[in-house]
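Take a look at the letters that make up each chain.
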Amino acid sequence: MTAPGRSIAILVLLGATARAASPADARCASLTATTIPGISVASATSLPAGPFSPPGSNAPLTIPALCRVVAAATPTSDSHINFEIWIPEGNGWNGKFQGVGTGGFAGSISYPALAEGARRGYATASTDTGHVGDNLTFGQGHPEKIVDWGYRSIHLMTEAGKLLVRNTSGRFPDRAYFNGCATGGHQAMMEVQRFPADYDGVVAGNPAADRTNEIIAYLWDWLATHGPDGTMLVDPAKFQLLTRSAVAACDANDGVTDGVIDDPRRCSFIPASLLCTGTATSACLTAAELDAVRKVYAGPRNPRTGEQIFPGWPLGSEGYGAGANEGWRNFLDVPEPRRVGLFQYFVFNNPSWDWRSMDWDKDVAFTTRTMGFLNATAHDLHPFLARGGKIVMHTGWVDPILPAPDVIKYYEEVTASMGGPIDTQQFFRLFLAPGMGHCNGGPGPNTLDALTALETWVEKGIAPEQIIASRRRADGAIERTRPLCVYPKVARWSGRGSTDDAVNFSCVSP
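Only a predicted model underlies this, so the values are computations on that prediction, with no experimental measurement involved.

## Section: the layout of surface pockets
Roughly 710 Å³ of internal volume is contained in the largest pocket. Sorting the residues of the lining of the largest pocket by element identifies strand S6 (96-100), helix H3 (111-119), strand S8 (175-181), strand S12 (447-448) and helix H15 (450-460) as the ones contributing at least two each. It is H3 that provides the largest number of residues to the lining of the largest pocket, a total of four residues. Within the lining of the largest pocket, the residues separate by chemical class into nine nonpolar, twelve polar and three charged. Its boundaries defined by the atoms lining it, the second largest pocket holds a volume of some 270 Å³.

What follows is the structure in structure tokens.
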């Protein structure tokens, strides 16, 4: 027999549960009955505001009250693309849709980005791009999965996501934005080029758009800095020596001494000045070390034609910190070339393919011919422009994974194709961040809100002339702000006030 006190508690609990139910819960749950060709909705669950622990994680995320939709797309018999849509409830939804990008070749849902998007009011979508894990083995014998990763997954997620938002809210999103960095930047540009109707605007951060040639450059650089037996030819500590020396020589070029090179292209530092003149020490480069790093700065070239395959890495990116991801150690101080699986599992479909046998003429051409569809490097963006689409692109000058010169090269190629700087800046603007690494980190201001700048441009017609970037101390306090300017303009100090405050800088032609 149940005690009276316990009965009351149960009734109170049942009453609370009944009160918690709402039309929004019913609309959310009904999404499992949605019929979209090639799409299956596994679950649609109302989640309360508060902590949410993503699958396989013990680190809870803070979320608003929302409808969490778990779904999958199967465009081919060899495809299974998982994705999620998080739709804030009621007035918590700002009426807009946001797709968020991934990193590397990662096959996983970007839960932190989903939570951030939902907190900002967006119906937010993320996908695992059709596979699990970050290893390129998923592509061996599975060409459709390569296509899914390359571009199809984001497009299908976007189309289905908008329909699911419509079905639960009663209307399609007023605006749609894509926000990504690294591979997310690559995905943003792939959407612009292949599916210009998907988004009204994209944020393309540190975009790894020329993906195949970027990985070819990793192989080139690794072979240049290692002996035939795999021995590293350069002491990894010398990468930090190179950065310190370059900064010491060029830091003040922009009129401010702040530990950051404003534009490495205008830096006069010569690595040969570090050549050892006697016994080799940690403060100089041996002849072998100097020869190796020169090849990394130069980047790969076709030995037959002399054509540049991919730009080299700039001064200041060598080793701006002690961490493996804070400089060239990321792709050089490793047992084998970074992402060499591209050739073994995607290009040649042979795990035993010997990457030391790379033919820098024929194999490079074959890679482009077979896997060039993975590159988001189209220059004619008129279809996106015709829809009123806007692009905010940004990249860090000391990015050790994707060199800034490659981003600049692409932007300038688009500029030439679209009628020149004035016409291009009507819809596409690039912002360079001195001292910023790969999407974040680095000695300079390295955090920025490009999404708000994009929204203002799309919705109010106010093009961003600058974006304020900030750098925080370990305790979270902001220690420096600086304007990032529309390329090719640069930030210059007025000569008055703190050099750590963006208000004392203006954007000028270099």
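## A word on the nonpolar core
In this structure, Phe343, Phe346 and Leu381 are the most contacted members of the largest nonpolar core, which totals 105 residues. It is helix H4 (residues 143-169) that contributes the most residues to this core, ten residues altogether. Val392, Phe431, Leu451 and Ile467 belong to the second-largest nonpolar core, a separate cluster that totals 17 residues.

## Focus on the pairing of strand S7 (residues 123-127)
Burial analysis of S7 places five of its five residues in the buried class, the great majority of the element. The alternating pattern of S7 places Ala123, Ala125 and Thr127 and Thr124 and Ser126 on opposite faces, both of which are buried. Relative to S7, strand S5 (residues 81-88) runs antiparallel, the two being bridged by four bridges. Residue pairing for S7: Ile85 is matched across the bridge by Ala125.

## As for the pattern of salt bridges
Per the stated rule, a full pass over the model turns up 26 salt bridges. Taking the shortest distance from any N to any O, the salt bridge between Arg387 and Asp200 comes out at 4.0 Å. Linking Arg387 in the loop between helix H12 (382-386) and strand S10 (390-396) with Asp200 in the loop between helix H5 (183-194) and strand S9 (201-205), this pair joins segments that are 187 residues apart in sequence. Among the residues examined, Arg387 registers a relative accessible area of 39% and is labelled partly exposed.

## What to know about the packing of H4 against H5
The interhelical angle for the contact between H4 and H5, taken along N-to-C directions, is 75°, at an axis separation of 10 Å. One element, H4, and the other, H5, form an angle in the roughly perpendicular class. The segment H4 lies against H5, with Trp149, Gly150, Tyr151, Ile154, His155 and Thr158 engaging Thr183, His186, Gln187, Met190, Glu191 and Arg194. Looking at the contact of H4 with H5 residue by residue, the classes come out as four nonpolar, six polar and two charged.

## A few points about helix H7 (residues 237-250)
In a regular helix each residue adds 1.5 Å, so 14 residues correspond to 20 Å; H7 covers 21 Å between its end C-alpha atoms and thus fits that length. Listed as buried for H7 are Lys238, Phe239, Leu241, Leu242, Thr243, Ser245, Ala246, Val247 and Cys250. Summarising the contacts, the buried residues of H7 are in contact with helix H8 (287-298) and helix H9 (329-332).

## Some words on the sheet that holds S5
Reading across the sheet, the nine strands line up as S1-S4-S5-S7-S6-S8-S9-S10-S11 and stay open at both edges, with mixed pairing between neighbours. A strand with exactly one partner marks an edge of an open sheet, and here the two such strands are strand S1 (39-47) and strand S11 (428-433). Strand-to-strand twist of the sheet, defined as the mean angle between neighbouring strand axes without regard to direction, takes the value 15°. In this structure, S6 lies alongside S7, joined through three bridges in parallel fashion. Paired with Gly99 across the strands is Ala125, a residue of S7. In the packing of H4 onto the sheet, the strands contacted are S1, strand S4 (66-73), S5, S6, S7 and S8, and the crossing angle to S5 comes to about 35°. Sheet strands in contact with helix H13 (residues 404-417) are S10 and S11, and its direction is about 160° off that of S11.

## A closer look at helix H6 (residues 211-224)
End to end, H6 covers 20 Å across 14 residues, agreeing with the expected 20 Å (1.5 Å per residue, within 8%). Of all 14 residues making up H6, twelve are buried, and the element is well covered by its neighbours. Of all the positions in H6, only Arg211, Thr212, Asn213, Glu214, Ile215, Ile216, Ala217, Tyr218, Leu219, Asp221, Trp222 and Ala224 are classed as buried. Buried residues in H6 make contact with H4, H5, H8, H9, helix H10 (341-347) and helix H11 (362-371).

## Here's the deal with empty space enclosed by the protein
Within the structure shown, the criterion is met by five cavities of 30 Å³ or more. Taken as a whole, the largest cavity encloses approximately 140 Å³ of empty space. As for the largest cavity, its lining consists of 17 residues, and the residues nearest its centre are Asp262, Leu432, Pro434, Lys489 and Val490. Put simply, the parts of the chain that give the lining of the largest cavity at least two residues each are strand S14 (478-485) and strand S15 (490-493). Residue composition of the lining of the largest cavity, grouped by class: eleven nonpolar, no polar and six charged. There is about 100 Å³ of room inside the second largest cavity.

## Regarding the sheet that holds strand S13 (residues 466-472)
Read from one edge to the other, the open sheet built from three strands follows the order S12-S13-S14, with strand pairing classed as antiparallel. For this open sheet the edge positions go to S12 and S14, each flanked by a neighbour on one side alone. Pairing of S12 with S13, which is carried by two bridges, proceeds in the antiparallel orientation. When the sheet's bridge partners are listed, Thr447 is paired in S13 with Ser470.

## Some details on the packing of H6 against H11
Packing of H6 against H11 leaves a shortest axis separation of 10 Å and a crossing angle of 150°. Taken together, H6 and H11 sit at an angle that is classed as roughly antiparallel. Pair H6 / H11 crosses with right-handed handedness. Seen from H6, the contacting residues are Thr212, Asn213 and Ile216; seen from H11, they are Val364, Thr367, Thr368 and Met371. Partitioned by chemical class, the residues of the contact of H6 with H11 number three nonpolar, four polar and no charged.

## Looking at the state of the cysteines
Simply put, disulfide is the name for a covalent bond between the sulfur atoms of two cysteines. Under the counting rule described, the total for this entry stands at five disulfides. Disulfide pairing places Cys276 opposite Cys284 at an S-S distance of 1.9 Å. Residues Cys276 and Cys284 are joined by a disulfide whose S-S torsion is about 90°; by sign, that bridge is right-handed. In this structure Cys276 comes out as buried when scored by relative accessible area, which is 16%. Of note for the protein chain: the bonded cysteines, numbered N- to C-terminal, pair according to 1-2, 3-8, 4-5, 6-7, 9-10.

The rules behind these values
- For every chain, the first residue of the written sequence is number 1, and numbering continues from 1 along that sequence.
- Note on the predicted model: pLDDT of at least 70 is required for a residue's local features to be given, and 80 or more for side-chain atom pairs to be given and counted; whole-chain, interface and lining totals, by contrast, use all residues.
- Heavy atoms throughout the structure, all of them, feed into the side-chain values; hydrogens and water do not.
- Of the two site types, the cavity is a set of points on a 1 Å grid over the protein atoms alone where a 1.4 Å probe fits but cannot get out, and the pocket is an open set with protein on both sides within 12 Å along at least five of seven lines, each lined by residues with an atom within 4 Å of a point.
- Grid points are joined across faces, edges and corners, and a volume is the space filled by probe spheres set on the points.
- For helices the rule is a DSSP run of H or I covering at least 4 residues; for strands it is a run of E covering at least 2, with both sets numbered from the N terminus onward.
- Ten residue types, Ala, Val, Leu, Ile, Met, Phe, Trp, Tyr, Cys and Pro, are classed as nonpolar, four, Asp, Glu, Lys and Arg, as charged, and the remainder, Gly among them, as polar.
- Buried Ala, Val, Leu, Ile, Met, Phe, Trp, Tyr and Cys residues that are joined via side-chain atoms within 4.5 Å together make up what is termed a nonpolar core.
- For every residue, the accessible area (1.4 Å probe, protein chains only) is compared with the maximum for its type, and the residue is labelled buried under 20%, exposed over 50%, or partly exposed between those bounds.
- In this scheme, strands are said to pair when DSSP sees at least two bridges between them.
- Here, a salt bridge means any Lys or Arg side-chain nitrogen found within 4 Å of an Asp or Glu carboxyl oxygen.
- Note on geometry: axes are C-alpha line fits, over the in-contact stretch for helices, and angles between N-to-C directions span 0 to 180 degrees.
- Throughout this description, any angle smaller than 35 degrees is read as roughly parallel, any larger than 145 degrees as roughly antiparallel, any in the 65 to 115 degree range as roughly perpendicular, and the remainder as oblique.
- A contact between two residues is defined here by any heavy atoms of the two lying within 4.5 Å.
- Here the expected span of a helix is defined as 1.5 Å times the quantity of residues minus one.
- In this scheme, a crossing is called left-handed if the near helix is turned counterclockwise away from the far one by less than a right angle; it is called right-handed if the turn is clockwise.
- Count a disulfide wherever a pair of cysteine sulfur atoms falls within 2.5 Å.

What is shown is where atoms sit, not what they do.
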